[in-house]
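Topology and contacts: notes
Okay, here's what each chain looks like letter by letter:
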Amino acid sequence: MPFPTDTASAQLRTVQQWYDAVAAWDFDALGALLADTYEHRTLPASARDPPKNKAQGLTLARTVAAALDHLALQYEVFQWSEGPGHVWVHSRLYSKAPGAQGIEFNNESVFIFTFGTGAAAGGQLQIATIQEFVDTKFVADFKKAAAAGAALA
């Protein structure tokens, strides 16, 4: 279920831009989409991943990009739902091939985006929060492989 192109709301267009920026590792575009007060929360609590602010989130994205040798990611949207002030997306972000260290990325998540407008963005819609319900096994395996520089099994 891809995002609509002709009828997408401002919220849905912002989410599409976020996916495009993440997939291309475009940190400037990604940073512009996130509010200065942005917060990312990883769910479930068993993931033991503390909340991240905008700077911490961008640092994490750069770390993941480096572990994957900046290989472009692909994304697949399974389902999305939208309401006033929020968008939910069930999707998969993945690399088509492993990076030089043999690390592959294949993470299925549910993202819950909320929005606000940022003065620094000229009043444009920005992402205020993302809550990400992650595949905890994949995340644990990816962190271990990235730390060891080895391929995921």
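Quick summary incoming for the structure in this document. (Residues numbered from 1 in each chain as written. Predicted model: local features only at pLDDT ≥ 70, side-chain atom pairs only at ≥ 80, totals over all residues. Heavy atoms only, no water.)

**Side note on the packing of aromatic side chains**
Per the counting criterion, the structure on display carries 8 aromatic pairs. By way of ring pairs, the aromatic residues Trp18, Tyr19, Tyr75, Phe111 and Phe113 are connected into one cluster. The ring centre of Tyr94 lies 3.7 Å from the NZ or CZ of Arg92, which sits over that ring. (Phe/Tyr/Trp six-rings, centres within 6.5 Å; stacked < 30°, edge-to-face > 60°. Lys NZ or Arg CZ within 6 Å of the ring centre and 35° of its normal.)

**Re the pairing of strand 1 (residues 34-43)**
Where strand 1 and strand 6 (residues 125-133) come together, 6 bridges link them in parallel fashion. From the neighbouring strand, Glu39 faces strand 6, where its bridge partner is Thr129. In this sheet, strand 2 (residues 52-53) lies alongside strand 1 in antiparallel orientation, the contact comprising 2 bridges. By the bridge assignment, Glu39 is partnered in strand 2 with Asn53. (Pairing = 2+ DSSP bridges. Helix = DSSP H or I, 4+ residues; strand = E, 2+ residues; numbered from the N terminus.)

**A look at the environment of Arg92**
Within the secondary structure layout, Arg92 lies in strand 4 (residues 86-95). Here the alpha-carbon distance between Arg92 and Leu73, two residues 19 residues apart in the chain, equals 10.0 Å. Residue contacts for Arg92: discarding those within four places in its chain leaves Gln74, Tyr75, Glu76, Phe78, Asn106, Asn107 and Glu108. Polar side-chain contacts of Arg92 include one of 3.1 Å to the side chain of Asn106. (Contact = heavy atoms within 4.5 Å. Polar contact = N/O pair within 3.5 Å; in protein donor to acceptor, adjacent residues only side chain to side chain.)

**Things to note about the sheet that holds strand 3 (residues 73-83)**
Spatial strand order, 2-1-6-5-4-3: 6 strands in an open sheet with mixed pairing. Of all the strands in the sheet, just strand 2 and strand 3 have a single pairing partner and so form its edges. In this structure, strand 4 lies alongside strand 5 (residues 106-117), joined through 9 bridges in antiparallel fashion. For Val87, the partnering residue across the bridge sits in strand 5 and is Phe113. Strands strand 1, strand 3, strand 4, strand 5 and strand 6 of the sheet are contacted by helix 1 (residues 10-24), whose axis makes an angle of about 160° with strand 3. (Axes fitted to C-alpha atoms, helices over the stretch in contact; angles between N-to-C directions.)

**A look at helix 3 (residues 54-67)**
Between its first and last C-alpha atoms helix 3 spans 20 Å; for 14 residues at 1.5 Å apiece the expected length is 20 Å, and the two agree. Among the residues of helix 3, Lys54, Gly57, Leu58, Ala61, Val64, Ala65 and Ala67 are the ones counted as buried. Two or three places before Ala55, at the start of helix 3, stands the capping residue Asn53, its side-chain oxygen 3.1 Å from that residue's backbone nitrogen. Immediately downstream of helix 3, the backbone of Asp69 shows phi near 55°, a positive value. (Expected span 1.5 Å × (residues − 1). Buried < 20%, exposed > 50% of the residue type's maximum accessible area, 1.4 Å probe, protein only.)

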